[in-house]
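A structural walkthrough
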Amino acid sequence: MSDATAPTEGELDRALGALQGLAVGDALGMPFQLLRRDAVRERTGGVVDGFVEAEAEHPLAGGMPAGAITDDTEQALLVARLLIDGEGRIEAAALARALVAWEDDMRRRGSTDLLGPSTTRAVQAVLRGEPLETAGRTGTTNGAAMRIAPVGIATPLSADDAGADALLDAVEAASSVTHATSLALAAASAVAAAVSAGVAGADLPAALAAGVDAAERCRDRGHWVAGADVAARIREAMALVESLRAAEVPLGEAIDRLALVVGTSLASQESIPAAFAVLALVDDPWLAVRAAASLGGDADTIAAIAGAIAGAVHGTAPWARGPAATVDAVSAARLGADSLGLPAIADALLALRHRAAG
C-alpha cells in the first residue's frame, strides 16, 4: 500500500473504536438479555451503571462474569477474520462452516448462548445439502446486523449510487447464507453504512442518516417477506426520540418508552431501530451504550450495535478510561487468549477499505 492510500490516524482510531464499542456494548448488555425492561429497572434503578455479572439462573448468561462478551462480538470477529483471510470477500460456504465450528466450540465451553434462530435454520439447511443460494430465505432476525460492523469498517461508502451499491453488495455477500430476506439485509445495511460513514469522519447525525439511506436502498434486495419496513421504523423511532427530548423526559422514562413502542426483540425492525433511537436520544456515547443495555430484551445486540456506531463516530475515547481494557482482559481470558487482538483486526480491515477505494 502506498502512503497516499494509507489509513489516517483518525481512521485507525475510529475503526478500533467501532470494534471496541461493539464489544463494550455487548458486555454491558450481556446480563440483561432476555429480561423485561421492568426487571432491568429493578436491578439497576433505571440505567445500567457499568459491567455486572449475570445472575446465576440466567438462561443464557448464567455464570458469566462482568465484562464478558457474547455471540455478538465473537461472530463479528469471525466475520472480520473471514474478510481479512478472503482479502475483502466472504464465501458463503466458508461463513457457514465457520459458524458451525463456532457453535461447536461454544458447546465445548459449556455455553447455551448459541446460534440464533435464523442462522440455525440456515446452517442446518446447508448441512442437509440445500443450496447456499436458498438457505437464508427465511432469515429475518438481527443476526446479520449484529455481526456486520467489520464490513462497514472494510468497505468505503460514497454518496454516489456506485459507492452505495458496493457497500450493499458487501453486506449481502456477508449475510445472505443465513439472512437473505429484505428485512434482515436492510437492517444489516443500516448498521454497516452508519459504521462506514463514521469511520470516514461523519458526525453522528450524518452516520445515522447514512444508515437510514442504506436501509431504504436495500428494500428491493433479497427475498421479500412481510414485515414493517426497517428504514421507516428507524425514522419513526427517531421521531419518537425528538418528542421525548423536546418534552425533557427523564432518561429512565425515555428508555421505558423506547422499549414499549420501538421494541427490543430479535426482529430486525425492532432491535436496529432501537439502537439508532438510543444513539439519537443520548449525546454521550458511554451513556448511550449503557442506555441501550438498559432496554432489556435483546439488550446485548442492541447495545453492541449502538457501541459499534458510536465508536465509529467518536473513536476509542469513549472506551479508553477502563471499559475497553476490562472487556479485552475478561473476554480474552475466557477465550484462552492474551487479548481479543482488536488493534490488528482494525488495521487489517482498514487496509481492505483503502484497497477497495483504490
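See above for the structure.
**Notes on the packing of helix H11 (residues 204-217) against helix H12 (residues 230-246)**
Remark: H11 packs on H12, axes separated minimally by 8 Å, with the N-to-C direction vectors making an angle of 150 degrees. When the axes of H11 and H12 are compared, the pair comes out roughly antiparallel. Contacts between H11 and H12 pair Leu208, Val212, Ala215 and Glu216 from the former with Val230, Ala231, Ile234, Arg235 and Met238 from the latter. A class-by-class count of the residues in the contact of H11 with H12 yields 7 nonpolar, no polar and 2 charged.

**What to know about the packing of aromatic side chains**
Enumeration over the complete set of coordinates arrives at 1 aromatic pair. Consider the rings of Phe51 and Trp286, whose centres lie 6.3 Å apart with planes at 65 degrees: the pair is edge-to-face. Of this pair, Phe51 sits in the loop between helix H2 (37-44) and helix H3 (71-85) while Trp286 sits in helix H15 (residues 285-293), and the two are 235 residues apart along the sequence. Given a relative accessible area of 22%, Trp286 falls into the partly exposed group.

**Points about unusual backbone geometry**
The residue Leu34 is not glycine, and still its phi comes out positive at about 75 degrees. Here Leu34 lies in the loop between helix H1 (9-29) and H2. By relative accessible area, Leu34 is classed as exposed at 51%. Positive phi is not limited to glycine here, since Glu248 has a value of about 55 degrees.

What counts and what doesn't
- Residues numbered from 1 in each chain as written.
- Predicted model: local features only at pLDDT ≥ 70, side-chain atom pairs only at ≥ 80, totals over all residues.
- Heavy atoms only, no water.
- Axes fitted to C-alpha atoms, helices over the stretch in contact; angles between N-to-C directions.
- Helix = DSSP H or I, 4+ residues; strand = E, 2+ residues; numbered from the N terminus.
- Parallel < 35°, antiparallel > 145°, perpendicular 65-115°, else oblique.
- Contact = heavy atoms within 4.5 Å.
- Nonpolar A, V, L, I, M, F, W, Y, C, P; charged D, E, K, R; others polar.
- Phe/Tyr/Trp six-rings, centres within 6.5 Å; stacked < 30°, edge-to-face > 60°.
- Buried < 20%, exposed > 50% of the residue type's maximum accessible area, 1.4 Å probe, protein only.

By themselves, these figures tell us nothing about what the structure is for.
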